[in-house]
Structures are given as C-alpha cells and as structure tokens.
Amino acid sequence: QVQLVVSGGGLVQAGGSLRLSCAASGGAFSTYPMGWFRQAPGKEREFVAAIGRTAGNTYYADSVKGRFTISRDNAKNTMSLQMNNLKSEDTAVYYCAARRFWYGSNWLAVDIPYWGQGSQVTVSS
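These notes cover the structure that comes with them.

Rules of the game
- Residues numbered from 1 in each chain as written.
- Predicted model: local features only at pLDDT ≥ 70, side-chain atom pairs only at ≥ 80, totals over all residues.
- Heavy atoms only, no water.
- Helix = DSSP H or I, 4+ residues; strand = E, 2+ residues; numbered from the N terminus.
- Phe/Tyr/Trp six-rings, centres within 6.5 Å; stacked < 30°, edge-to-face > 60°.
- Buried < 20%, exposed > 50% of the residue type's maximum accessible area, 1.4 Å probe, protein only.
- Lys NZ or Arg CZ within 6 Å of the ring centre and 35° of its normal.
- Disulfide = S-S within 2.5 Å.
- Polar contact = N/O pair within 3.5 Å; in protein donor to acceptor, adjacent residues only side chain to side chain.
- Contact = heavy atoms within 4.5 Å.

### Observations regarding unusual backbone geometry
Then, number 1: Non-glycine residue Asn-77 carries a positive phi angle of around 55°.
Then, number 2: Here Asn-77 is to be found in the loop between strand 7 (68–73) and strand 8 (78–83).

### Comments concerning the packing of aromatic side chains
Then, number 1: Overall, the coordinates contain eight aromatic pairs when judged by the stated rule.
Then, number 2: With a centroid separation of 5.8 Å and 80° between ring planes, the pair formed by Phe-37 and Phe-47 is classed as edge-to-face. Separated by ten residues along the polypeptide, Phe-37 in strand 4 (residues 34–39) and Phe-47 in strand 5 (residues 46–51) bring together distant segments of the chain.
Then, number 3: Aromatic side chains Trp-102 and Trp-107 sit 6.0 Å apart centroid to centroid with 65° between the ring planes, which places their arrangement in the edge-to-face category.
Then, number 4: Overall, the relative accessible area of 25% leaves Trp-102 in the partly exposed class.
Then, number 5: Accessibility expressed as a relative area gives 4% for Trp-107, which makes it buried.
Then, number 6: An aromatic cluster is built from Phe-37, Phe-47, Tyr-59, Tyr-95, Trp-102, Trp-107 and Trp-115, whose rings are joined through pairwise contacts.
Then, number 7: Its guanidinium or amino end placed over the ring of Phe-29, Arg-72 lies 4.4 Å from that ring's centre, counting from NZ or CZ.
Then, number 8: Lying over the aromatic face of Trp-107, Arg-99 brings its terminal NZ or CZ to 4.7 Å of the ring centre.

### Looking at the state of the cysteines
Then, number 1: What the rule picks out here adds up to one disulfide.
Then, number 2: In this model, Cys-22 is linked to Cys-96 through a disulfide, with the two sulfur atoms separated by 2.2 Å. Judged by the sign of its S-S torsion, about 50°, the bond between Cys-22 and Cys-96 is right-handed. Taken together, the residues Cys-22 in strand 3 (residues 18–25) and Cys-96 in strand 9 (residues 92–98) connect sequence positions 74 residues apart. Here the two residues Cys-22 and Cys-96 agree in accessibility, since each one is buried.

### Observations regarding the side chain of Arg-67
Then, number 1: In this structure, Arg-67 sits in the loop between strand 6 (58–60) and strand 7.
Then, number 2: Looking at Arg-67, the relative accessible area reads 8%, which means it is buried.
Then, number 3: Within the local environment of Arg-67, its side chain forms a polar contact with the side chain of Asp-90, the two groups lying 2.7 Å apart.
Then, number 4: Apart from residues lying up to four places away in sequence, Arg-67 is in contact with Gln-82, Met-83, Asn-84, Asn-85, Leu-86, Lys-87 and Asp-90.

In structure tokens form, the structure reads like this:
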C-alpha cells in the first residue's frame, strides 16, 4: 500500500508561482496513476490534474489548464505540481492522490483509494 507525503505550498500573491511535491513510499510508485485534488472551505474536493504511470498521459481541470503542470519522476518516487499565474480562486488545501488504474478523464474523489495529507495554498489578491 502506497503512502503519500505532500510538501510545498504556502502563501503567494496573485500572479505568483508555487510548487507542490508528493513523495511516495511503501508501494510500486511507477504502477500508480497519480493526481492532485484541492478543497476550498465549504466546497467539495475537486480534481486538479492527473498523470499516467509513465507520464505519457496528463489531464487537467479546465480551471488550471495552461497554468499548472503535473509531472512525475519514477526513479525518485515523486510527483510534482508546478502552479503558475496563481489566482485567488486557487486558494485551497491541495492533496495528492494515487489509484490503481488509469481511467482517462474520470477522476472523482470518491474513487481514490490513497491520499496524501493536505497542503495549504493561499493566494492573496
């Protein structure tokens, strides 16, 4: 069973950049499609981005497309989310996620078996 630890995040002004990292242990990292979700206060957890086992496939929520980039390094058991041109509406707790199979664009929080702890991202306007 994979364990996930998130690092990065913090406070940034609108238009700035932040990078989140997710380190995996306890499982065959390269076999897991990985993703990022976020949850703002009073809202449901929503999908942000996903990446296939070998990074050949990526998928983004429309709200972050062109601003966020997901990547992974299977040799280091890590996944990252580079967030550029941040907006106040990006403020949320960000979670990394792992699942056993790639279902293309079908990424729902209820279907995710493995979660990292959240990391707060706050964008001030």
